[in-house]
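# Residue-level structural notes
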Amino acid sequence: MKLALIGFGQAGGKVVDQFLAYDERVDGGFVEAAIAVNTATTDLQGLERVPRSNRILIGQARVNGHGVGADNELGAEVAEADIDEVQHAIDDVPTHEVDAFLVVAGMGGGSGSGGAPVLARHLQRIYTQPVYGLGILPATDEGGLYTLNAGRSFRTFVREVDNLLVFDNDAWRSAGESVEGGYDRINREIVERFGLLFAAGEVGSGDAVAESVVDSSEIINTLSGGGVSTIGYATETVETSASGLLSSLSSSKGSKHDGTDLDTDGAATNRLTSLVRKATLGRLTLPCDVSSADRGLVVASGPAEELSRKGVERGRTWLEEETGSMEIRGGDYPTGGDEVGAIVLLSGVTDVPRIDRLQQVAVEAKETTEDVRTRSQEGTAALVDTSGELDALF
Ligand SMILES: Nc1nc2c(ncn2[C@@H]2O[C@H](COP(=O)(O)OP(=O)(O)OP(=O)(O)O)[C@@H](O)[C@H]2O)c(=O)[nH]1
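Report on the accompanying structure. (Residues numbered from 1 in each chain as written. Predicted model: local features only at pLDDT ≥ 70, side-chain atom pairs only at ≥ 80, totals over all residues. Heavy atoms only, no water.)

### Section: the site of the ligand
The environment of the ligand is formed by 23 residues, the closest being Ala70, Ser111, Glu142, Tyr183 and Asn187. Contact between the ligand and Gln10: an oxygen atom at 2.8 Å from a main-chain N or O atom of the residue. In the complex, 92% of the free accessible area of the ligand, which totals 640 Å², lies under the protein chains. Counting only elements with at least two residues in the shell around the ligand, the list comes to helix H1 (9–26), helix H6 (111–126) and helix H8 (179–200). Along the lines of polarity and charge, the residues of the shell around the ligand split into 9 nonpolar, 12 polar and 2 charged. (Near = heavy atom within 4 Å. Polar contact = N/O pair within 3.5 Å; in protein donor to acceptor, adjacent residues only side chain to side chain. Areas by Shrake-Rupley, 256 points an atom, 1.4 Å probe, with all protein chains shown as cover. Helix = DSSP H or I, 4+ residues; strand = E, 2+ residues; numbered from the N terminus. Nonpolar A, V, L, I, M, F, W, Y, C, P; charged D, E, K, R; others polar.)

### What to know about the sheet that holds strand E4 (residues 100–106)
If you trace the 10 strands from one edge of the open sheet to the other, you get E3-E2-E1-E4-E5-E6-E7-E10-E8-E9, paired in mixed fashion. Unpaired on one side and paired on the other, strand E3 (55–57) and strand E9 (328–334) mark the two borders of the sheet. With strand direction ignored, the average angle separating the axes of adjacent strands in the sheet is 20°. Where strand E2 (residues 31–38) lies against E3, 3 bridges are found, and the strand directions are parallel. If you follow Asn38 over to E3, its bridge partner there is Leu57. Set on the sheet, H6 makes contact with strand E1 (3–8), E2, E4 and strand E5 (131–137); between it and E4 the angle comes to about 165°. (Pairing = 2+ DSSP bridges. Axes fitted to C-alpha atoms, helices over the stretch in contact; angles between N-to-C directions. Contact = heavy atoms within 4.5 Å.)

### As for the packing of aromatic side chains
Any two aromatic rings considered together are summarised by their centre-to-centre distance and by the angle between their planes. As enumerated under the stated definition, the model contains 5 aromatic pairs in all. Geometrically, the ring pair formed by Phe101 and Tyr127 is tilted, given 4.9 Å between the ring centres and 40° between the ring planes. A residue pair is termed long-range when its members are at least 10 positions apart, and Phe101 in strand E4 and Tyr127 in the loop between H6 and E5 qualify at 26 residues. Across the pair, Tyr127 and Phe101 agree in class, each one buried. Taken together, the aromatic side chains of Phe19, Tyr22, Phe30 and Phe198 make up a single cluster linked through ring pairs. Here the guanidinium or amino end of Arg283 rests over the ring plane of Trp172, the centre of that ring lying 4.0 Å away. (Phe/Tyr/Trp six-rings, centres within 6.5 Å; stacked < 30°, edge-to-face > 60°. Buried < 20%, exposed > 50% of the residue type's maximum accessible area, 1.4 Å probe, protein only. Lys NZ or Arg CZ within 6 Å of the ring centre and 35° of its normal.)

### A word on the pattern of salt bridges
What the rule picks out here adds up to 19 salt bridges. Residue Arg62 pairs with Glu77 through a salt bridge whose shortest N-O separation is 3.2 Å. In this pair, Arg62 is assigned in helix H3 (residues 60–63) and Glu77 in helix H4 (residues 72–81), connecting sequence segments 15 residues apart. Residue classification places Arg62 among the exposed residues on the basis of a relative accessible area of 54%. Exposure remark for Glu77: the relative accessible area of 41% places this residue in the partly exposed category. In this structure, a network of salt bridges that share partners links the residues Glu80, Arg121, Arg159 and Glu160. (Salt bridge = Lys/Arg side-chain N within 4 Å of Asp/Glu carboxyl O.)

### Topic: the side chain of Thr280
Along the chain, Thr280 turns up in helix H11 (residues 262–281). For Thr280, the side chain forms a polar contact with the main-chain oxygen of Val276, separated by 2.7 Å. Not counting residues up to four positions away in its chain, the partners in contact with Thr280 are Val290, Trp318, Leu319 and Val344.

### Here we look at the environment of Val166
Assignment of secondary structure puts Val166 in strand E6 (residues 163–168). Using a relative accessible area of 0% as the deciding quantity, one classes Val166 as buried. When neighbours within four sequence positions are excluded, Val166 is seen to be in contact with Gly135, Leu137, Phe154, Phe194, Val228, Ser229, Thr285 and Leu286.

Fair warning: the whole summary comes from geometry, so function is off the table for now.
If you want it as C-alpha cells, here you go:
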C-alpha cells in the first residue's frame, strides 16, 4: 500500500529514514512520500534519506532550533502553532496516490510525543484516507519523564489516529549494546516488520498470483476499528530447488506452488503453519495477550513455490482459534530469495501489561498534580516538598 510517511521528532525521523532504505532495498514501492518534522535543527541534519526540502523545522519562534527538551506540552504547542509549515510540505505530495498516512514518533521525548497527535488530528480533518500512527515506547530505564510523556501521549495518539501500531523499545533491548548501535539495530527490526507488511499490500494486481496476494484493502480492513496493533514475524531459510540462475527463475513471482508434488507441498504447508505460530507466540513489537486481539492478518512471504495456500489457510485458522476472532485475514507476498516468513498483524489488542503500567503512571502523575493544587489552595506546608518531586518528574 502506498504511504505518506511523516516522522515527528528524532526517533520518528530516523525510522522514516530507515523505511526509505528498506523500501529501496526490497523494491517495495510503498513509500509515496517521506517528510520529517522536528524542533531541533541537528536532528534534521542527521537524516540521510529524507529529501532536504521535506525536513521541516518548527517552533523556531519558541526554541530557535534547539529542540523542546522532552517537554511534550511545548512540543504540542509548537506543532499546533506551526502546523501550516507541515501542511506546505504535504501539499507537494500527490495525496490522491496515497492509501494512508503514517505518523511515526518516539513517545518518550517532547517533539514527537507532543506533536504527533496534533499532526494526526490535523490530517484527519483535511484528508479522507486513514491516518495511522507508529508509536515507539521508551525503555523503562530511560527515566520518569520519558515514561510520563509516553503515558500521556499514548492516550491522545490512540484517540487521534485510525490505528496505533506500537513498537516497545523496552522489549527489544539487548544487554551490553551502545545506545546508538542499539537504535540502529532496533530501527532495522521495526522497518523489517512494518515495511514488509506495507510492501506486501503493494504487489500489483496484474501479478500472476494476485488472487491470494494481500492487498491494501485487507491491511486497511484489519486496522479499521481502531485501537492498538502489534506485529509478530518469523522466518526460516529454505533450500530452493537450485542456486544461482535456476533458483532465481524458479522463485519468480509467477511460479506459484501448484500442489502437484505432495512431499514438497506437505513440507511447505507445515513450515508455514509453524512460522505463523512462531510469529504469534514469539516476540511481538508490543508484547500482549494474543487472545485479546480483535482482528488479525497473516501474510506469508518468500519464494513463490514455497508459499503454500494450505499453509496460510491453516495458519489463519489456528490464529482464529488462538484469538477467538472471526476476523482473521490471510494472503501471501511472493518475494523470491531463500527465506520464507510469516507476518502476523494483531489489531485491536486490549490486554497489554506495558500499556496498563504506562497509563497508571500518567494517572498517578495527574493525581499528584491535582493533589498539589488542592493542598496549595489549602495552604499546607507540604507543598514545597511535593512540588520538588513534581519538578523532578517534569
Ligand atoms: N527505536 C528508536 N527509538 C528511539 C530512537 N531515538 C530515540 N528513541 C526513543 O525515542 C524517545 C525520545 O524521543 P526523541 O525522538 O529522541 O525525542 P523528540 O521527539 O525528538 O523530542 P525532544 O528531543 O524532546 O525534542 C526515547 O524514548 C528513545 O528511546 C531511535 O532511533 N530508534
